[in-house]
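Understanding the architecture of this molecule
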Amino acid sequence: ISLGTKLPSDVENGIIISASDWNASIGSNIISNESINPVGPFLAALFGAVEIFKSVFIDTSLAENIVKVPPDYKYSSWYGGINPISEKSDLYFDNVCVFGVGAVTHSLMWLLEHWPGTLIGTLHLVDHDKYDSGNGQRYIGMRHEDINHNKAEVMASKLDKLHPKLKIDVNPIDMNSYFTTKKSDCKIELAISGLDSPQGRQ
C-alpha cells in the first residue's frame, strides 16, 4: 500500500491510496492536498486497513465474500458517493447526548476536535471513567497528562479550545446517574452510545 505516491518498481501487487478534504481515492488518479480536514485521511486509512484484511484472509473460507476494490476509485464521505468536494461545513448539535466518551466514541470526538468548520449547539458528554495508562494504544489523541483525569472533562476541554461556539455540558457520572439526576423524564432527542458493556448499550 503506497500513500500518495507511486508504488515501488519491484512491487507486483499493490494499491495507491490518498486523501483530500472529505475524499479518499485509490489508483492512478488519486486526489491529495494539504487540507486540515481529518475526515478524508481517516477514510483513506480505513480503505488501507480493509485491503490488508482482504490480503491476509484471501486463502480462507472468507475468500468467496471478498470483493476487490476498483483500480481507480474515489469516494466522498460528504455525499456518500463518488462526487469529490472541498467545501467546509458547519455542524449543529441539537442537544446531542454522548454516552461513553472512551472506546468507540473517542475516534468520533477526535474527528469533531479537528473539524474544519464551526461546531455550534449543545453537546452533552456523559462518562464517569478516567483515563489510565492502558488506554493510550486505543485512544487517538490521548496524551500522557490525561491519565487519571475524567474522559468527559478532558474531551470537553479539547473541544472548547478549538470550537468556542459549541456549548458543552460535562457530566463525569455514569449513565444511570445522569438519567436520575438530570433526565428523570428519560427524554433524549439524539443519543450516541459508545459504551463497551452490553448492559450499558441496552
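Just above, that's the structure.
These lines cover the structure that appears in this document, whether it is placed above or below. Keep in mind the model is a prediction, meaning the values are calculated, not measured.

Looking only at helices and strands, one finds five helices and eight strands in the protein. Going residue by residue from the N terminus, the α and β elements of the protein occur as β-β-β-α-β-β-α-β-α-β-α-β-α. Each principal axis of the C-alpha distribution contributes one length, and for the protein these read about 60 × 40 × 35 Å. Sorting the 202 residues of the protein into buried and exposed places 38% on the buried side. The long-range share in the protein, meaning contacts at least 24 apart out of those at least 6 apart in sequence, stands at 60%. If the 17 positive side-chain charges of the protein are averaged to one point and the 24 negative ones to another, these points end up 4 Å apart.

Our focus in this paragraph is a nonpolar patch on the surface. A cluster of nonpolar side chains, Ile-1, Leu-3, Ile-52, Phe-53, Val-56, Phe-57 and Leu-62, forms an exposed patch at the surface whose accessible area comes to about 670 Å². Considering every element that reaches the nonpolar patch, the biggest residue donor is helix H1 (residues 39-56), with three residues. Mapping Ile-1 onto the fold places it in the segment before strand S1 (2-3).

Moving on, we come to the sheet that holds strand S6 (residues 119-126). Pairing in this open sheet of four strands is parallel, and the strands run S7-S6-S5-S8 from one edge to the other. Two strands close off the open sheet at either side, each with one partner strand: strand S7 (166-171) and strand S8 (190-193). Pairs of neighbouring strands in the sheet enclose a mean axial angle of 20 degrees, with direction left out of account. The sheet contact formed by strand S5 (residues 91-99) and S6 spans seven bridges and is parallel. By the bridge assignment for S6, Tyr-92 is matched with Ile-120. Across the sheet, helix H2 (residues 105-113) is in contact with S5, S6 and S8; its angle to S5 comes to roughly 155 degrees. Contacts between helix H3 (residues 151-162) and the sheet are confined to S6 and S7, with S7 contributing the most and set at about 170 degrees to the helix.

The next thing to look at is H2. Taken across its nine residues, H2 has seven buried, putting it largely inside the fold. On the buried face of H2, the contacting elements are H1, S5, S6, H3 and S8.

The rules behind the values
- Residues numbered from 1 in each chain as written.
- Predicted model: local features only at pLDDT ≥ 70, side-chain atom pairs only at ≥ 80, totals over all residues.
- Heavy atoms only, no water.
- Helix = DSSP H or I, 4+ residues; strand = E, 2+ residues; numbered from the N terminus.
- Buried < 20%, exposed > 50% of the residue type's maximum accessible area, 1.4 Å probe, protein only.
- Contact = heavy atoms within 4.5 Å.
- Lys, Arg positive; Asp, Glu negative; His and termini not counted.
- Charge placed at Lys NZ, Arg CZ, Asp CG, Glu CD.
- Patch = residues over 30% accessible without salt bridge, like charges linked within 9 Å, V, L, I, M, F, W, Y side chains within 5 Å.
- Areas by Shrake-Rupley, 256 points an atom, 1.4 Å probe, with all protein chains shown as cover.
- Salt bridge = Lys/Arg side-chain N within 4 Å of Asp/Glu carboxyl O.
- Pairing = 2+ DSSP bridges.
- Axes fitted to C-alpha atoms, helices over the stretch in contact; angles between N-to-C directions.

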